[in-house]
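# Secondary and tertiary structure notes
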Amino acid sequence: MQLPLDAIPLWLYFTLIVAVCLLAIESGYRFGRWRHQRAAEEKDAPVGAMVAAILGLLAFMLAFTFSLAATRFDLKRQAVLEEANAIGTTYLRTRLLPEPQRDEIADLLREYVDLRLRGVNEGNVAETVAGSEKIQTQLWSKAIEASKNKEANPVLTALFLQSLNETIDLHAKRVQVGVRNRIPSSIWFSLFALAVISMTAIGYQSGLCFARRSPAMLGLALAFAGILYLIADLDRGREGFLVVSQQALVDVQKSMKSPSP
């Protein structure tokens with residue numbers, strides 16, 4: 001599932017968050033100074049309590065969203081490993097099939113792994129999914145042909161079909177976990193809105209106290225932007241520093257280099 005935020009590169013995403021946070025703090029600071037000049041009776045203590053409450057809510061939302069993204073990132077890694085194991089088992093069990101389906105299915109499985117790795121490297125998700133499903137249909141047709149072969153052993157063919165069925169199921173799981181199961185846009189919108197309110201409130205409290213602008217405000221903006229960057233990086237899983245490793249599939253690809261299983 002493509003989200004509107006996916007169109008923004010992560011480096012630009014980080015820069016924009018820092019800029020928005022600093023702008024919100026500065027706006028709140030100027031409003032606080034203006035308010036202090038016109039309502040000197042407004043006390044800092046109640047405002048500080050409200051700012052603390054808003055920051056507490058922001059911390060809760062950040063923790064919740066980060067946990068959500070980290071859990072889904074782990075599911076993506078687990079799905080890659082499970083699929084690699086299923087494909088490897090299916091490839092080995094092609095030895096149980098009669099000719100000519102044995103070599104035909106082995107070739108299709110090698111093409112299947114190449115396609116999935118190429119899709120991850122190039123980022124062509126839709127094309128990869130469509131191509132994978134096409135090869136799955138071909139694999140299933142060849143498996144049916146093998147089951148009707150006079151030389152086929154029904155028990156051994158059933159073992160192969162079980163592995164092939166698991167491979168197809170894990171493809172659907174990877175699509176669900178890696179493409180469709182994303183942090184909803186409503187959560188992103190709520191998080192950004194709450195962040196702007198929090199930064200504005202911090203600036204407002206500083207301006208109300210007539211305090212000078214603190215360098216810590218820049219540190220606060222950078223820290224918040226860093227956390228949001230990590231959440232977005234975890235949610236995407238295909239760019240940035242936190243990329244889902246495809247090494248398990250690469251290992252399977254290497255083991256399938258032999259022209260015949």
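Placed above this text is the structure.
Residues numbered from 1 in each chain as written. Predicted model: local features only at pLDDT ≥ 70, side-chain atom pairs only at ≥ 80, totals over all residues. Heavy atoms only, no water.

### Regarding a nonpolar patch on the surface
- Taken together, the side chains of Trp-11, Leu-12 and Leu-16 present a nonpolar region at the surface, about 320 Å² in accessible area.
- Tracing the chain through its elements places Leu-12 in helix H1 (residues 10-38). (Patch = residues over 30% accessible without salt bridge, like charges linked within 9 Å, V, L, I, M, F, W, Y side chains within 5 Å. Areas by Shrake-Rupley, 256 points an atom, 1.4 Å probe, with all protein chains shown as cover. Salt bridge = Lys/Arg side-chain N within 4 Å of Asp/Glu carboxyl O. Helix = DSSP H or I, 4+ residues; strand = E, 2+ residues; numbered from the N terminus.)

### Brief notes about H1
- Over its 29 residues, H1 runs 42 Å from end to end, which matches the ideal 42 Å to within 8%, given 1.5 Å per residue.
- Along H1, the residues classified as buried are Leu-10, Tyr-13, Ile-17, Val-18, Cys-21, Ala-24, Ile-25, Gly-28, Tyr-29 and Gly-32.
- Tucked inside the fold, the buried residues of H1 contact helix H6 (185-208) and helix H7 (216-236). (Expected span 1.5 Å × (residues − 1). Buried < 20%, exposed > 50% of the residue type's maximum accessible area, 1.4 Å probe, protein only. Contact = heavy atoms within 4.5 Å.)

### With respect to the packing of aromatic side chains
- Applying the stated rule across the entire model yields 6 aromatic pairs.
- Seen in terms of ring centroids, Tyr-13 and Trp-188 are 6.3 Å apart; in terms of plane orientation they differ by 85°. Their pairing is edge-to-face. Residue Tyr-13 is located in helix H1, and its partner Trp-188 is located in helix H6; the two are separated by 175 residues in the primary sequence.
- Tyr-13 gets classed as buried once you look at its relative accessible area, which sits at 3%.
- Among the residues examined, Trp-188 registers a relative accessible area of 5% and is labelled buried.
- Connected via pairs of aromatic rings, a cluster forms that spans Tyr-13, Trp-188 and Phe-192. (Phe/Tyr/Trp six-rings, centres within 6.5 Å; stacked < 30°, edge-to-face > 60°.)

### So, the nonpolar core
- Counting 36 residues, the largest nonpolar core has Leu-58, Phe-224 and Leu-228 as the members making the most contacts within it.
- For this core, the elements supplying multiple residues, two or more each, are H1, helix H2 (44-93), H6 and H7.
- It is H6 that provides the largest number of residues to this core, a total of 10 residues.
- Not counting residues up to four positions away in its chain, the partners in contact with Phe-224 are Ile-17, Cys-21, Leu-58, Leu-62 and Ala-195.
- Formed by 21 residues, the second largest nonpolar core is a distinct cluster that contains Ile-87, Ile-105, Ile-135 and Ala-143. (Core = buried A, V, L, I, M, F, W, Y, C linked by side-chain atoms within 4.5 Å.)

### Comments concerning the pattern of salt bridges
- Summed over the entire model, instances satisfying the criterion amount to 10 salt bridges.
- Among the salt bridges present, the one from Glu-26 reaches Arg-30, with a minimum N-O distance of 2.9 Å. Of the two residues, Glu-26 and Arg-30 both sit in helix H1, 4 residues apart, roughly one turn of that helix.
- One salt bridge connects Lys-142 with Glu-145, and the closest N-O pair in it is separated by 4.0 Å. Placement of both Lys-142 and Glu-145 in helix H4 (residues 125-148) is noted, with a separation of 3 residues, approximately one turn of the helix.
- Classification of Lys-142 by relative accessible area gives partly exposed; the value is 23%.
- On the accessibility criterion, Glu-145 (37% relative accessible area) is partly exposed.
- Salt bridges linked by common partners bring Glu-83, Arg-116 and Arg-174 together as one network.

### Quick notes on the packing of H1 against H6
- In the contact formed by H1 and H6, the axes pass within 6 Å of each other and the chain directions differ by 40°. What the angle tells us is that H1 and H6 run oblique. The interaxial crossing formed by H1 with H6 has right-handed handedness.
- Residues belonging to the contact of H1 with H6 are distributed by class as follows: 14 nonpolar, 7 polar and 2 charged. (Axes fitted to C-alpha atoms, helices over the stretch in contact; angles between N-to-C directions. Parallel < 35°, antiparallel > 145°, perpendicular 65-115°, else oblique. Left-handed = near helix turned anticlockwise from the far one by under 90°. Nonpolar A, V, L, I, M, F, W, Y, C, P; charged D, E, K, R; others polar.)

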